[in-house]
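# Results of the structural survey
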Amino acid sequence: MSEEIASNRYWRSNIRLIQVSLVIWALVSFGFGIVLRPTISSIPVGGTDLGFWFAQQGSILVFLALIFFYAWRMNRLDREHGVDE
Amino acid sequence: MSQFVINLLFVGASFALYIGIAIWARAGSTSEFYAAGRGVHPVTNGMATAADWMSAASFISMAGLIAFVGYDNSTFLMGWTGGYVLLALMLAPYLRKFGKFTVSEFIGERFYSSTARLVAVVCLIVASVTYVIGQMTGVGVAFGRFLEVSNTTGLLIGAAVVFAYAVFGGMKGVTYTQVAQYCVLILAYTIPAIFISLQLTGNPVPGLGLFGTHEASGEPLLQKLDQIVTDLGFREYTAHHGDTFNMMLFTLSLMIGTAGLPHVIMRFFTVPKVSDARWSAGWTLVFIALLYLTAPAVGGMARLNITEQFWPNGTDGEAVAVETIETDPDYNWMLTWQKTGLLDWEDKNGDGRIQYYNDGSEAMAERAAASGWEGNELTRFNRDILVLANPEIANLPGWVIGLVAAGGLAAALSTAAGLLLAISSAVSHDLIKGQINPRISEKGELLSARIAMAVAIVVATYLGLNPPGFAAQTVALAFGLAAASIFPALMMGIFSKKINNHGAVAGMLAGLAVTLIYIFLHKGWFFIPGTNSFTDADPLLGTIKSTSFGAIGAAINFAVAYLVAGMTREPPLEIKDLVESVRVPRGAGAAQAGH
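Reference entry: report on the structure contained in this document.

Quick notes on the rules
- Residues numbered from 1 in each chain as written.
- Chains lettered and ligands numbered in written order.
- Predicted model: local features only at pLDDT ≥ 70, side-chain atom pairs only at ≥ 80, totals over all residues.
- Heavy atoms only, no water.
- Axes fitted to C-alpha atoms, helices over the stretch in contact; angles between N-to-C directions.
- Helix = DSSP H or I, 4+ residues; strand = E, 2+ residues; numbered from the N terminus.
- Parallel < 35°, antiparallel > 145°, perpendicular 65-115°, else oblique.
- Left-handed = near helix turned anticlockwise from the far one by under 90°.
- Contact = heavy atoms within 4.5 Å.
- Nonpolar A, V, L, I, M, F, W, Y, C, P; charged D, E, K, R; others polar.
- 1 Å grid on protein atoms, 1.4 Å probe; cavity = no way out; pocket = protein on both sides within 12 Å on 5 of 7 lines; lining within 4 Å.
- Points joined across faces, edges and corners; volume = space filled by probe spheres on them.
- Buried < 20%, exposed > 50% of the residue type's maximum accessible area, 1.4 Å probe, protein only.

### Describing the packing of helix 3 (residues 42-53) of chain B against helix 14 (residues 274-292) of chain B
All names here are of chain B. One can describe the packing of helix 3 onto helix 14 by two numbers: an axis separation of 7 Å at closest approach and a directional angle of 50 degrees. Looking at the two axes, helix 3 sits oblique to helix 14. The two elements helix 3 and helix 14 cross, and the hand of that crossing is right-handed. Residues Pro42, Val43, Asn45, Gly46, Met47, Thr49, Ala50 and Trp53 of helix 3 form the contact with helix 14, whose own contacting residues are Asp276, Trp279, Ser280, Trp283, Thr284, Phe287, Ile288 and Tyr292. Tallied by class, residues from the contact of helix 3 with helix 14 come to 10 nonpolar, 5 polar and 1 charged.

### Quick word on empty space enclosed by the protein
All names here are of chain B. Scanning the model with the defined rule gives 5 cavities of 30 Å³ or more in all. Forming the boundary of the largest cavity are Asn7, Ala142, Arg145, Phe146, Trp337, Leu388, Glu392, Ile401, Val404 and Ala405. Mapped onto the lining of the largest cavity, the elements with two or more residues apiece are helix 7 (114-146), helix 19 (386-393) and helix 20 (398-436). Residues that form the lining of the largest cavity fall into these classes: 7 nonpolar, 1 polar and 2 charged. Approximately 60 Å³ is the volume found for the second largest cavity. Lining of the second largest cavity is provided by Ala188, Tyr189, Pro192, Ala193, Val298, Val387, Asn390, Pro391 and Val404. Of all the secondary structure elements, the ones that give two or more residues to the lining of the second largest cavity are helix 9 (171-201) and helix 19. Per element, the largest residue contribution to the lining of the second largest cavity is 4 residues, and it comes from helix 9. Considering only residue class, the lining of the second largest cavity consists of 8 nonpolar, 1 polar and no charged.

### Some points on helix 11 (residues 221-231) of chain B
In an α-helix, one turn spans 3.6 residues, which is why side chains three or four residues apart end up on the same side. Every buried residue of helix 11 of chain B is listed here: Leu221(B), Leu222(B), Lys224(B), Leu225(B), Asp226(B), Ile228(B) and Val229(B). Positioned one or two residues after helix 11 of chain B, Gly233(B) has a phi angle of 85 degrees, which is positive.

### Topic: the layout of surface pockets
Residue and element names in this part refer to chain B. Here the largest pocket is characterised by a volume of approximately 540 Å³. Lining the largest pocket are 23 residues; nearest its centre among them are Asn73, Asn246, Phe250, Lys545 and Thr547. Going through the elements one at a time, helix 4 (56-69), helix 5 (74-98) and helix 12 (244-258) are the ones with two or more residues in the lining of the largest pocket. Of all the elements, helix 12 adds the most residues to the lining of the largest pocket, at 3 residues. Partitioned by chemical class, the residues of the lining of the largest pocket number 7 nonpolar, 9 polar and 7 charged. Approximately 370 Å³ is the volume found for the second largest pocket. Every residue lining the second largest pocket is listed: Phe68, Val69, Phe234, Arg235, Arg303, Tyr356, Asn358, Asn376, Leu378, Phe381 and Arg383. Here the residues of the lining of the second largest pocket are counted per class, giving 6 nonpolar, 2 polar and 3 charged.

### Digging into the packing of helix 5 of chain B against helix 14 of chain B
Residue and element names in this part refer to chain B. The N-to-C vectors of helix 5 and helix 14 enclose an angle of 165 degrees; their axes lie 8 Å apart at closest approach. Put simply, helix 5 runs roughly antiparallel to helix 14. Helix-helix and strand crossings are classified by hand; for helix 5 and helix 14 the assignment is right-handed. Along the contact surface, helix 5 presents Phe76, Leu77, Trp80, Thr81, Tyr84, Ala88, Ala92, Pro93, Arg96 and Lys97, while helix 14 presents Val274, Ala277, Arg278, Ala281, Thr284, Leu285, Ile288 and Tyr292. Considered class by class, the residues forming the contact of helix 5 with helix 14 number 13 nonpolar, 2 polar and 3 charged.

### Here we look at the side chain of Asn390(B)
Residue and element names in this part refer to chain B. Structurally, the position occupied by Asn390 is in helix 19. With relative accessibility at 4%, the residue Asn390 sits in the buried group. Excluding residues that lie within four positions of it along the chain, Asn390 makes contacts with Ile196, Val298 and Ala302.

Structural data, given as structure tokens:
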């Protein structure tokens, strides 16, 4: 039974991590890249504005960082909760 | 040495390399055929997955779509990379823990229903076949150009090569071959981009050069681009023109479609551990990002080069002379591409010059009338040719052009082969062994896998002759179908213990059917031209184009599944235990074949 509680705690931490990651994921693509582009258009980036940069470069770089961060964090979480392989 | 011979040498050498590797790593057993014995390192796996993933759509088609539309087509960039975040966080590690070979096996077992498995197989086949049609379009363009034959002949030759190639080996042969293909395609994509970026901006990193200074004019490159395209009546490159809602839906469809595509997910079954599945998704995106960060630079810079070639005296000067096109070696690319039927021009007003401008623009009407222009004289410029023609347009050395030809073919072939493998395993492993004849011999299974490949390639080639769009657009439809059918079922299978067999089946069927019907209404029934009732310019529902409908289909899938599951009996206890066990990495072990 205690094992089940432990694994529940592990799963909840995982869900929280996923939620935070997905908020960032949506913010840089749907947000900065599309909907919020007009609101950050005053920030110039090389002949155009920040939103354009996010749509064509920035979002991809953030996606990369997110996946590696998640993998690193989860592998640590696996060990902390004793569910690693 | 003529360019034709150089191309042939590069393509020939790259093929010899792939086939050599395929023979060396030939699949011996069914387990090796599907999952390469699970001995694949995350970085190797990431590279192979990247090659598998980056198809004719990414390599040949995408930059062209960005070049001629500009900012609005950033959807492809965000959509096709953002899906990896979903895959890494929400699917890959759990499916690896589950430890079976195919996506439909997971769906069948999690939803304790052979019907669910069957429906998943159907969804996979529909999405994969649509995907292969898009690949065949790209294969036709690439083979047409490098053999200097018509697009149709190129497609038929390409289909034969793809088939021979996919039959050779299974996943193992394909995994190591795809590592080689990745190297060829990424070099082929980035080397010309680096050259062009250096020519235009002096910056060797194309992704930075795009936001750098155009050395010839001293202005920022994108500003210069905006100016010359608007001078000719085209829409501003960096501005947002289309509908925002449709743009978001389209991006979302591509993202969740990425995470629902069988041939990509299958890759994450081939790593040794659950933690490796997480890293592997990251490595895959690293290798993909190398191309995706370069693609917008390729598009923008090519648009600038093309426009300047047609207006060598500036956009307010005289247009290029027909005689120059026919005799100047700088314009040789136009003559070679004309042979494929994908590029054409016509001196409508007989002034001996080719005026390339937007004849639909009111702002241009005055200048056109004053100068005696009678419409845009660049009558055809198929967007799928842009990347392959790009090094020739920029006047790069012959070996770069040969390398790009080899890279384009590598991209199209590797994905087509991966998809054919996914289709054949769906038919032989899930359909025949799983449903029709569980006692089929290993030999019989391999034979039926190959027959399924043959049928798929014939259908895709036939439909590829009259494709529903440019390569990347057709592929986008496939993503919509995967998004609407497979992704929600997988996600609910992992993240909810409440969704039962009836819910999953009803959800997948509803998502697939509605999306498929919406696509057929706009693109023609079974993609047969002329049978459509609507067009994407004036879609059935608001501003939602058929390529963007996958996200709506996915929402329908989720809603129907929850509704039906709420009204029927909860999943049994052992299924809840299965979900629990999928959620923790410990005890993953090696995956097993069959049941």
